[in-house]
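# Survey of secondary and tertiary structure
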Amino acid sequence: MELNLFLVILFLSSSVYLYFKNILKDRSLVEKTKWLNALVGSANEIVIATNPDGKIIMFNSAAEKMTGYSAEEVMDKETSEIFHESKIEFSDLVAKAKLGKPDVTQQIFINKFQEKFSVRLCLTAIFDRRGEVIGYLEIAEDLSIYNQMLSTIEQQRIRMVESAKMSQLGEMASSIAHEINTPLTVISGKSSLLIDDLKQGRNDTSKIINQLEKIEKTAIQIGKIVKGLKTFSRNSERDPLEETDLATLIESTLDLCHERLEKQSILIQVSVPQETLIFARASELSQVILNLISNAADAIQNLREKWIEINAFSKDKKIIIEITDSGNGIPASVVEKMMQPFFSTKEVGKGTGLGLSISKGIIESHNGNFYYDSNSVNTRFVIELPNRKIQTDRAVA
Amino acid sequence: MKNLAGKKILVVDDNELLREVLVDSLNMHGLEIYEAANGEEAFKIALTYFPDAIITDLQMAGGDGKSLLQKMSKLDAYRPSIFITSGFNDLTELEIKEFNIIQCFEKPFERREFSDIIFRFLNQLTEN
């Protein structure tokens, strides 16, 4: 009897135990599902799961927010019908996912209000244990904030290039004024002397012609300076690369700093082969060369020997422009950092620290290389541009 | 206008055409004119002919105007009057006094006004 009672109690207690154990098991399953839903729901990315036919079975809150559709609205619909701008590309992605080789691609999504937005999309197939496709998972990241950021950075870069150019121009302003004021005084002075001569009846024709020729020559000289300034200051950021004669470009750049170099007693020597054609944005390349000359002039102002040499030649299908000054090179510690933005060895307020980093950017946008030549005994910067002429000649041949 | 015979003037500028304008503007009334293309040349000429006045640019290649004036101001017995033809100058009040600068012409300046002022000044010199 006692044994029977014991068995009954044992049976009952084990049943109760199993009953509660199952309840606990179910509860943890519910908890797990809740937790997974919360996980997918909290994702910043669009997460969409579909069945093997591509019909939506899960649509997270980020997806609701970004597409404007509620989960109920899109249930059992195909994603390609609703969101994807390019249906063909989408079926391509599905094919790749089926092979287990998903691609991450940039796609255009269309929201409920028919507005397009750019996303980075990864579409993967969900496989069961036997390798059968039981559904698809689309995870998409909204790129509009990222793209906006990129365009802000780009705008800032353009503004920086512009302001560096203007500050360079500012540094040159007084020497340019001098450069223009002297010939202006020559023109007005010679004109007024001629007027006085003629008024007093002194009309020696050959003398008058000689003086007028000097006036003409001087006016042309002013014109060259102004033209150089115009080329330099125009914003050519978005101009295409154009066929440019290197010798002419260097000459008009030198017109802008000729006076400054002369006043500092700096000898300038230029060797550019005739008809060296490059593909460039003249104003930008001129900015790079002017910046290098200006840096060189600052660096060598207190040296006994003061010269700057510009040497251009073609080598290995490239046009090489070497700008060398009489300085004895740059210390390795400076070389390491000098191409970084805002690095400057000049006293505060004198340099922007942007010159070299901008120059590097400009030359790279010309598909070229810009570097400091540490093998040279004297301080030398090198601009390498692709020799497009050779390429075109070849294409023609 | 008085005859300025015996008065000497030195024109210093590295720009040949501008020098021509200045010289042609002053080449009358018997005035004796010397020319120099830079400071060093000017110093030599000044110590050979002792001009009454020197008209000089400040920024010049090959020996600038300021070092010329510094050297001139250190001389004891000779103190010419100085006229400046630079567009910009950063001379201090003290330097203007020390160098005996009478006037600065700011480029671009009017030639007639320039020669009027120089001649008026030289006339006063002959009066005294």
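Residues numbered from 1 in each chain as written. Chains lettered and ligands numbered in written order. Predicted model: local features only at pLDDT ≥ 70, side-chain atom pairs only at ≥ 80, totals over all residues. Heavy atoms only, no water.

Right, let's talk about the overall build of chain A for a bit. Helix and strand content of chain A: twelve helices and twelve strands. If you take every contact in chain A between residues at least 6 apart in sequence, the share linking residues at least 24 apart comes to 60%. Of the roughly 23,600 Å² that chain A leaves accessible, carbon and sulfur atoms contribute 56%. (Helix = DSSP H or I, 4+ residues; strand = E, 2+ residues; numbered from the N terminus. Contact = heavy atoms within 4.5 Å. Areas by Shrake-Rupley, 256 points an atom, 1.4 Å probe, with all protein chains shown as cover.)

A word on the packing of aromatic side chains. Taken as a whole and judged by the stated rule, the model has ten aromatic pairs over all chains. Look at F109 of chain A and F117 of chain A: their rings are 5.9 Å apart centre to centre, the planes differ by 75°, and that puts the pair in the edge-to-face class. Here the two residues F109 of chain A and F117 of chain A agree in accessibility, since each one is buried. Chaining the aromatic ring pairs together yields one cluster made of F83, F105, F109, F114 and F121 of chain B. In this structure, K71 of chain B packs its charged tip against the face of F43 of chain B, placed 4.5 Å from the ring centre. (Phe/Tyr/Trp six-rings, centres within 6.5 Å; stacked < 30°, edge-to-face > 60°. Buried < 20%, exposed > 50% of the residue type's maximum accessible area, 1.4 Å probe, protein only. Lys NZ or Arg CZ within 6 Å of the ring centre and 35° of its normal.)

Our focus in this paragraph is the nonpolar core. Counting residues in each nonpolar core, the largest one holds 49 residues, and the members touching the most others are L246, L285, I289, I321, F370 and I383 of chain A. In terms of residue count, helix α9 (residues 282-300) of chain A provides more of this core than any other element does, nine residues in total. Apart from the residues lying within four places of it in its own chain, the contact partners of I383 of chain A are V288, I289, L292, I319, I320, I321, I323, I363, N369 and F370 of chain A. Counting 23 residues, the second-largest nonpolar core is a separate cluster that includes L18, V23, F83 and F121 of chain B. (Core = buried A, V, L, I, M, F, W, Y, C linked by side-chain atoms within 4.5 Å.)

Further remarks concern the sheet that holds strand β5 (residues 101-104) of chain B. Residues and elements named next belong to chain B. Ordered by their spatial adjacency, five strands build an open sheet running β2-β1-β3-β4-β5, and the pairing between neighbours is parallel. Edge positions in the sheet fall to β2 (32-36) and β5, since each of these pairs with one other strand and no more. Going across the sheet, the axis of each strand differs from the next one's by a mean of 20°, ignoring polarity. Relative to β5, strand β4 (residues 81-84) runs parallel, the two being bridged by three bridges. Looking at β5, one finds that F83 is bridged to Q103. Most of the contacts of helix α2 (residues 39-49) go to β2, to which it runs at about 150°, and overall it touches β1 (8-12), β2 and β3 (53-56). (Pairing = 2+ DSSP bridges. Axes fitted to C-alpha atoms, helices over the stretch in contact; angles between N-to-C directions.)

Here we come to the confidence of the model for chain A. Residues and elements named next belong to chain A. Taken as a whole, chain A shows an average pLDDT of 83; of its residues, 90% reach a score of 70 or greater. Predicted confidence in chain A is weakest over helix α12 (residues 388-396), with a mean pLDDT of 42, and strongest over strand β10 (residues 318-325), with 94. Contacts from residues 389-397, a stretch scored under 50 in pLDDT, to residues over four places away or in other chains number three contacts. (pLDDT = per-residue confidence, 0-100.)

On to a nonpolar patch on the surface. On the surface, V16, Y19, F20 and I23 of chain A cluster together to form a nonpolar patch covering roughly 390 Å² of accessible area. Within the element layout of this structure, I23 of chain A appears in helix α1 (residues 2-42). (Patch = residues over 30% accessible without salt bridge, like charges linked within 9 Å, V, L, I, M, F, W, Y side chains within 5 Å. Salt bridge = Lys/Arg side-chain N within 4 Å of Asp/Glu carboxyl O.)

With that settled, the discussion passes to the pairing of strand β2 (residues 56-59) of chain A. All names here are of chain A. Pairing of strand β1 (residues 46-50) with β2, which is carried by three bridges, proceeds in the antiparallel orientation. Looking at β2, one finds that A49 is bridged to M58. In sequence, β1 turns back onto β2 through a hairpin of five residues, with G54 there showing a positive phi of about 85°.

Right, let's get into the interface of chain B and chain A. Counting residues at the interface gives 20 residues for chain B, matched by 21 residues for chain A. Three residues stand out in chain B for area buried against chain A, namely L17, R111 and R112 of chain B, and they jointly supply 27% of the buried area on that side. Inspection of the chain B/chain A interface yields four salt bridges. Between D196 of chain A and R111 of chain B there is a salt bridge, and its shortest N-O distance comes to 2.7 Å. (Buried area = accessible area lost by both parts, 1.4 Å probe.)

Our next topic: the environment of V133 of chain A. All names here are of chain A. Within the secondary structure layout, V133 lies in strand β5 (residues 133-142). Separated by 36 residues in sequence, V133 and A97 place their C-alpha atoms 9.7 Å apart. Other than its neighbours up to four places away in sequence, V133 contacts P52, K98, A125, I126 and F127.

Now for helix α11 (residues 355-365) of chain A. All of the buried residues along α11 of chain A are G355, L356, S357, I358, S359, I362 and I363 of chain A. Positive phi appears at N367 of chain A, one or two residues downstream of α11 of chain A, with a value of about 60°.

Turning our eyes to something else, we now look at the sheet that holds strand β4 (residues 116-127) of chain A. Residue and element names in this part refer to chain A. Spatially, the five strands line up as an open sheet ordered β2-β1-β5-β4-β3, and their pairing is antiparallel. Each of the sheet's edge strands pairs with one partner strand only, and the pair in question is β2 and β3 (104-110). Between one strand axis and the next, the sheet turns through 30° on average, direction left out of account. Where β4 meets β5, nine bridges bridge the pair, whose relative direction is antiparallel. Pairing of R120 across the sheet is with E141, part of β5. Against the sheet, helix α5 (residues 87-98) touches β3, β4 and β5, its axis set at about 30° to β4.

Further remarks concern the confidence of the model for chain B. Chain-level pLDDT for chain B is 89 on average; 94% of the residues reach the 70-or-more range. We note a pTM of 0.56 for the whole complex and an ipTM of 0.90 for its interfaces.

For the rest of this paragraph, the subject is unusual backbone geometry. Omega for the peptide link from K107 of chain B to P108 of chain B comes to -5°, which places this bond in the cis form. Unlike most non-glycine residues, E275 of chain A shows phi in positive territory, near 55°. As for its position among the elements, E275 of chain A is in the loop between β7 (267-271) and β8 (277-280). Among the residues examined, E275 of chain A registers a relative accessible area of 67% and is labelled exposed.

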